Amino acid sequence: MNTASASLPVITIDGPSASGKGTVAERVATALGFHFLDSGALYRLTALSAMKQGVALDDEAAVAQLAAALPATFRDGAVWLAEENVTDTIRAEAVGEGASKVAALPAVRAALLDRQRAYRQAPGLVADGRDMGTVVFADALAKVFLTASAEARAERRYKQLIEKGNSANLPALVADMQARDARDTARAVAPLKPAADALLLDTTQMDIESAVRAVLSHYQRKQGN
Ligand code: DC
């Protein structure tokens with residue numbers, strides 16, 4: 001990171017899967033005209049890349065090499081792995097599972113660090129993930145930790161799957177959600193936890209619009225300090 005980009009405002013939105021952080025982060029970025037980083041997509045792309053190339057998800061050195069050279073681009077509202085549009089593919093449950101596994105490998109996290117920091121560009125950045133406020137952008141101006149109960153998050157995922165014409169099983173989704181939370185929270189490197197200076201936002205009973213407003217007013221308060 002150079003000195004010019006170090007002064008650019010960053011808003012970090014961390015939290016467990018299906019907490020709504022992606023949607024909230026994207027809307028906050030649009031409202032402010034900021035860039036947007038979906039860091040989870042980079043872990044998903046790394047897992048997908050390994051799965052496609054037959055690399056074992058626990059082969060740390062090989063997966064880190066894939067992560068470092070990931071031919072990933074975000075353009076036209078889509079996610080690309082080389083010339084393949086993988087926007088929907090990376091959202092599959094199996095790829096999410098894989099992402100959670102490769103994300104526990106320290107060399108993989110290190111390989112993705114500079115790529116994530118490169119998104120800090122004028123006029124500012126909204127970054128969503130698990131360790132945006134604690135590790136990647138520890139100096140961010142405004143940090144938010146978005147949560148919701150595992151049941152509420154499983155229900156949201158259930159609705160999304162059904163809307164897309166997929167079959168889904170609610171108790172299985174709750175169990176998956178709890179297993180993934182446990183893995184993301186327990187890992188040694190960059191575990192899922194709120195930064196000490198993060199605003200905690202529980203969205204179990206909150207709609208997206210209210211969450212977006214809460215993040216924007218947190219940012220405005222921080223700007224005023
Ligand atoms: O946010 P998501 O569900 O797309 O993230 C997929 C996986 O990647 C998730 O299991 C945790 C991991 N992840 C991470 O470890 N650190 C991040 N900054 C973002 C995601």
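Nothing here was measured: the structure is a model prediction, and the numbers come from that model.

S.K.: Before we go on, may I ask you to explain the packing of helix α4 (residues 60-68) against helix α6 (residues 106-117) in this structure?
M.R.: To describe two helices that pack against each other, one gives the angle between their axes and the distance between the axes. Between α4 and α6, the shortest axis-to-axis distance is 8 Å and the interhelical angle comes to 10°. In terms of axis orientation, α4 runs roughly parallel to α6. Facing E60, V63, A64, A67 and A68 of α4, the residues of α6 in contact are P106, A107, V108, A111, L112 and R115. Within the contact of α4 with α6, the residues separate by chemical class into 9 nonpolar, no polar and 2 charged.

S.K.: I'm lost on the sheet that holds strand β5 (residues 84-85) in this one. Help?
M.R.: Consider a sheet: its strands pair through backbone hydrogen bonds, and that pairing is either parallel or antiparallel. Taken together, the 3 strands give an open sheet; going across it, the order is β3-β4-β5, and neighbouring strands pair in antiparallel fashion. Because the sheet does not close on itself, it has two edges, and the strands there are β3 (72-75) and β5. Pairing of β3 with strand β4 (residues 78-81), which is carried by 4 bridges, proceeds in the antiparallel orientation. Note that in β4 the partner of R75 across the bridge is A78. Helix α3 (residues 39-53) rests against β3, β4 and β5 of the sheet, and its axis sits at about 35° to β4.

S.K.: How do you make sense of α3 when you look at a structure like this?
M.R.: Given 3.6 residues to a turn, an α-helix orients residues that are three or four positions apart in the same direction. For α3, spanning 15 residues, the distance from its first C-alpha to its last is 22 Å, which sits close to the expected 21 Å at 1.5 Å a residue. For α3, the tally of buried residues reaches 11 of 15 residues, placing the bulk of the element in the interior. Those residues of α3 that fall on the buried side of the exposure criterion are S39, A41, L42, Y43, R44, L45, T46, A47, L48, S49 and A50. Of the residues one or two after α3, G54 is the one with positive phi, at around 70°.

Rules of the game
Residues numbered from 1 in each chain as written. Predicted model: local features only at pLDDT ≥ 70, side-chain atom pairs only at ≥ 80, totals over all residues. Heavy atoms only, no water. Axes fitted to C-alpha atoms, helices over the stretch in contact; angles between N-to-C directions. Helix = DSSP H or I, 4+ residues; strand = E, 2+ residues; numbered from the N terminus. Parallel < 35°, antiparallel > 145°, perpendicular 65-115°, else oblique. Contact = heavy atoms within 4.5 Å. Nonpolar A, V, L, I, M, F, W, Y, C, P; charged D, E, K, R; others polar. Pairing = 2+ DSSP bridges. Expected span 1.5 Å × (residues − 1). Buried < 20%, exposed > 50% of the residue type's maximum accessible area, 1.4 Å probe, protein only.

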